[in-house]
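Letter by letter, the chains look like this.
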Amino acid sequence: MGFGISADECQSGEYFRHPKAVSTLLAELREGFAPSSTQGKWARIMEVCGGQTRTILKYGLEDQLIDRLQFLHGPGCPVCVTDAAKVDDAITLSLEPGVAVFTYGDMMRVPGSQLGKGPVSLGEAKALGASVYSVSSSLEVLQFASEHPDLLAVFFAVGFETTAPSHALLVQHARKQGLKNLRLLVSHVRVPPVLRFLLEAPDHGIDGLLAPGHVCAIMGTEEYVEVAQEFQIPIVITGFEPVDLLLGVREVLQMIGAQAAGVRNAYGRVVRPNGNPAARELMETVFAPCLANWRGLGSIPGSGLALRREYADFSIENDFSELCRSSSALSRSAPVVGGLHQEEETSCQAGKVLLGRLSPVDCPMFGKECLPESPRGAPMVSSEGACAAYYILNPGGINGH
Amino acid sequence: MVIEDLSQFSCPMPHECNERVTLAHGGGGRLSAELIERYIRPLYARMDFCGLDAATVPLRALEKREIDMVSMAMSTDSYVVDPLFFPGGNIGKLAVCGTANDLAMVGARPRYISLSLILSEGLPLKVLESALDSISQSCKRIGLEILAGDTKVIERAHGERLFINTTGIGFVRKGVELAPHLIRSGDAILVSGDIGRHGAVIMSRREGSWADLGLESDCDHLYPKIKMLLDNRTPLHCLRDLTRGGLASALVELASRTKLDFEIENEALPILPQVSAYCEVLGLEALHLANEGCCVLFVPESSARETLGSLGPSARRIGTVLGRRSENGFVKLRYPWGAERRIVMFSGEQLPRIC
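Criteria and cut-off values
- Residues numbered from 1 in each chain as written.
- Chains lettered and ligands numbered in written order.
- Predicted model: local features only at pLDDT ≥ 70, side-chain atom pairs only at ≥ 80, totals over all residues.
- Heavy atoms only, no water.
- Helix = DSSP H or I, 4+ residues; strand = E, 2+ residues; numbered from the N terminus.
- Buried < 20%, exposed > 50% of the residue type's maximum accessible area, 1.4 Å probe, protein only.
- Contact = heavy atoms within 4.5 Å.
- Salt bridge = Lys/Arg side-chain N within 4 Å of Asp/Glu carboxyl O.
- pLDDT = per-residue confidence, 0-100.
- Pairing = 2+ DSSP bridges.
- Axes fitted to C-alpha atoms, helices over the stretch in contact; angles between N-to-C directions.
- Disulfide = S-S within 2.5 Å.

## A closer look at the overall build of chain A
Then, number 1: Check the secondary structure of chain A and you find 17 helices and 13 strands.
Then, number 2: Counting the 401 residues in chain A, one finds 61% classified as buried.
Then, number 3: Considering only contacts within chain A whose residues lie at least 6 apart along the sequence, 74% involve residues at least 24 apart.

## Observations regarding the pattern of salt bridges
Residue and element names in this part refer to chain A.
Then, number 1: Counted under the stated rule, the structure contains 30 salt bridges over all chains.
Then, number 2: Of the charged contacts, one joins glutamate 284 and arginine 280 as a salt bridge, the two residues approaching to 3.8 Å between their closest N and O atoms. Of the two residues, glutamate 284 and arginine 280 are both situated in helix α13 (residues 277-286); the distance of four residues between them amounts to about one turn of the helix.
Then, number 3: Classification of glutamate 284 by relative accessible area gives partly exposed; the value is 38%.
Then, number 4: Taking the relative accessible area as the measure of exposure, arginine 280 reaches 22% and is therefore partly exposed.

## Observations concerning the confidence of the model for chain B
Residues and elements named next belong to chain B.
Then, number 1: The predicted model of chain B has a mean per-residue pLDDT of 88, with 90% of residues at 70 or higher.
Then, number 2: Confidence over residues 13-17 falls short of pLDDT 50; this stretch has six contacts with residues more than four positions distant or in other chains.
Then, number 3: Model confidence for the complex is summarised by a pTM of 0.84, with the ipTM given as 0.80.

## Brief notes about the sheet that holds strand β6 (residues 162-173) of chain B
All names here are of chain B.
Then, number 1: If you walk across this open sheet you meet the four strands as β1-β6-β4-β5, and the pairing is mixed. One side of each edge strand has no neighbouring strand; the edge strands of this open sheet are β1 (69-79) and β5 (145-154). Recorded for the sheet is a direction-independent mean angle of 15° between the axes of neighbouring strands.
Then, number 2: Taken together, the ten bridges between β1 and β6 define a ladder with antiparallel strand orientation. In the sheet register, methionine 72 faces β6, and the bridge partner there is phenylalanine 171.
Then, number 3: Here helix α3 (residues 91-105) sits on the sheet in contact with β1, β4 (108-120) and β6, set at roughly 145° to β1.
Then, number 4: The strands touched by helix α4 (residues 125-142) within the sheet are β4, β5 and β6, with β4 carrying the most contacts at an inclination of about 175°.

## Points about the environment of Val141(A)
Residue and element names in this part refer to chain A.
Then, number 1: Considering the arrangement of structural elements, one finds valine 141 in helix α7 (residues 140-147).
Then, number 2: Between the alpha carbons of valine 141 and tryptophan 42 there is a distance of 48 Å; along the sequence they are 99 residues apart.
Then, number 3: Excluding residues that lie within four positions of it along the chain, valine 141 makes contacts with Phe102, Ala153, Phe155, Leu170 and Leu182.

## Looking at the state of the cysteines
In a disulfide, the sulfur atoms of two cysteines are held together by a covalent bond.
Residues and elements named next belong to chain A.
Then, number 1: Counting across every chain of the model gives one disulfide over all chains.
Then, number 2: Two residues, cysteine 77 and cysteine 80, share a disulfide whose sulfurs are 2.4 Å apart. On the S-S bond that ties cysteine 77 to cysteine 80, the torsion sits near 70°, and the link is right-handed. Residues cysteine 77 and cysteine 80 agree in their burial class; the two are buried.
Then, number 3: The thiol of cysteine 348 is unpaired, and the distance to the nearest cysteine sulfur, on cysteine 370, comes to 6.4 Å.

## A short note on the sheet that holds strand β5 (residues 152-159) of chain A
All names here are of chain A.
Then, number 1: As summarised here, the arrangement of the six strands in space is β4-β3-β5-β6-β11-β10, forming an open sheet in which the pairing is mixed. In this open sheet, the two edge strands, each paired with only one partner strand, are β4 (132-135) and β10 (287-294). With direction set aside, neighbouring strand axes in the sheet form an average angle of 25°.
Then, number 2: In the sheet, strand β6 (residues 182-189) pairs with strand β11 (residues 298-307) via two bridges, with the strands oriented antiparallel. From the neighbouring strand, valine 189 faces β11, where its bridge partner is glycine 304.
Then, number 3: Helix α5 (residues 84-95) contacts β3 (99-104), β4, β5 and β6 of the sheet and is inclined by roughly 165° relative to β6.

## Some words on unusual backbone geometry
Then, number 1: Each neighbour pair has its own omega, and for Asp82(B) with Pro83(B) the value is 10°, a cis peptide bond.
Then, number 2: Of note, Pro83(B) is situated in the loop between β1 and β2 (85-86).

## Looking at the environment of Thr243(B)
Residues and elements named next belong to chain B.
Then, number 1: Along the chain, the position of threonine 243 falls in the loop between β8 (238-241) and α7 (246-258).
Then, number 2: The class for threonine 243 is partly exposed, based on a relative accessible area of 29%.
Then, number 3: Distance from threonine 243 to glutamate 37, taken between C-alpha atoms, is 34 Å for residues 206 residues apart in sequence.
Then, number 4: Ignoring any residue separated from it by four or fewer positions in sequence, one finds threonine 243 in contact with Ala290, Asn291 and Glu292.

Okay, here's the thing in structure tokens:
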């Protein structure tokens, strides 16, 4: 699909955000597809990954297609769904002498459950003198651990299946090097179980799903085929550039119109049906599915990843079980109240936002008490959280909120 | 990508010296005097001021030299950048260019500068020497004279740090006025170079976001380009140098102040591919990243072409000042396919994302 763009007109990579391609696809979507007659409304399409949410908002795609479909923004922001109790654990650990906590940048500002009097986030703990370091690669922790055998290096392993293989690599390298002072505080989540959780609600209102391209690059498409068949829903594996999103939308609208269920791959340049076998093997050797607590959504069976027994010596929960609230929180399985975990501050409606049931701009605190510099909930912290994305990218131009 | 070899991580600061700043260097005694004599004094062109409590410049001499100058301009800034040394510059160069650029933005010729240093105990003397050397070179480049200064030593608190304050004085010639209130509907909005480069380079050198962009900071003097525009009497309305907060901050502040709406074309924004890629990977926006040698210019439509010509090939026209005056000025970013969104000030630090 050339969109009439010559090779000279595009540098590599520019193709997928080339104005001609975007304009052509937008016109096609606006003119070629009548609003879906499902439930007498427009098609409701949920993109799962926060990175896709960002693209939709940043490039004005939501506004441009507002007459044709409604975008529901899904729970694909790992920062937003990390269990608050795990954030509390990370903070507690960081204040412990002899312990250094390593984390990806945007976890620094996520507030914990704020039930105690101590620092509310890892960033605050760091400002108070706790040993907290941000890393862009989990492997940076290896070097620190080997250079500081007297300290316990704890890596806060957060993310979907996309980051799990590199965390598995960290553990394997540590074992190979015989490092005894490296631990993981694991907070991984998996996409297919949360899709099931979403689709099991009878009033989910989702006509089609755009599946996260980079998770699928690792995991392949098999799990999504199962979900599509079980719930009779179209799922399109989609990428992250504006053209990728529009191609994904085009595919899913076609499927909705034909009332077709199943999976199509609109990100073929990156995603193969069997994913990345080496990465999957690495991940499956070190981690196994487990029950996980999703902030704002509650406990979802099999939706998390935990270190396998053979690698249990790398789990922080053994060393600090008296400090780790999260293990006891899981066994209690605190009930979900109004979409929010019972212990959470109830004024933040993150749960509803993550399920696509509340648009951030409709939240009474949005842009007032809840701002990126003073977030009341996790989705306002990460650039991939729907609330932060709406606030910073402020779609709507002159008709803005 | 698997990083097998972690020894590729390196720091550009000089390591080899054994001599470091100690608290005694700040004591006012012999060591202080030696430090000043050896490292600081060589920066002062006029030796006769050294040792006095203040520098003096006879007004008559000033008048003679600064012909046609009708106003004095003054600007001050403190520099606390970490790391001290980065590709394309260091805190010393930054401290001189930053303040000189502020003066240039009001159409002043930067003339004199003060230099206050706060050294932390443990700072290697070779690092100090290197920074001071850069200061000296940056001053010479545009004929800036260091007239006064101060040096203090503090206890090691935040590692081996160096903090610099520079206050600059310049002179504005007759007929030159550059200010926000001169911005008019219909003015062309230009930038003198690519955006976000300094911010990307600095961030890429910090813990947690490390990357080798293969780029140098754009830290540099703007005065030579501004001087050319002033010498040619190119009509200009307002200049603003882009620093912390990037292009977005500068535009939002000016729009808010003037209560005029600005329209910016996304495709026209000059962003280097490495900066763009780095931003994509980390979930950042180049619009919000700092520059240190780039400015935004508001000029009458009729001067746009001439101004771009003088600024050089990296300058671009990025937008226009719109017709209406609103309650609060609005900055609109337009995409070629008709989508528009509002640019707002970024609050707080930019944090790279996870996945």
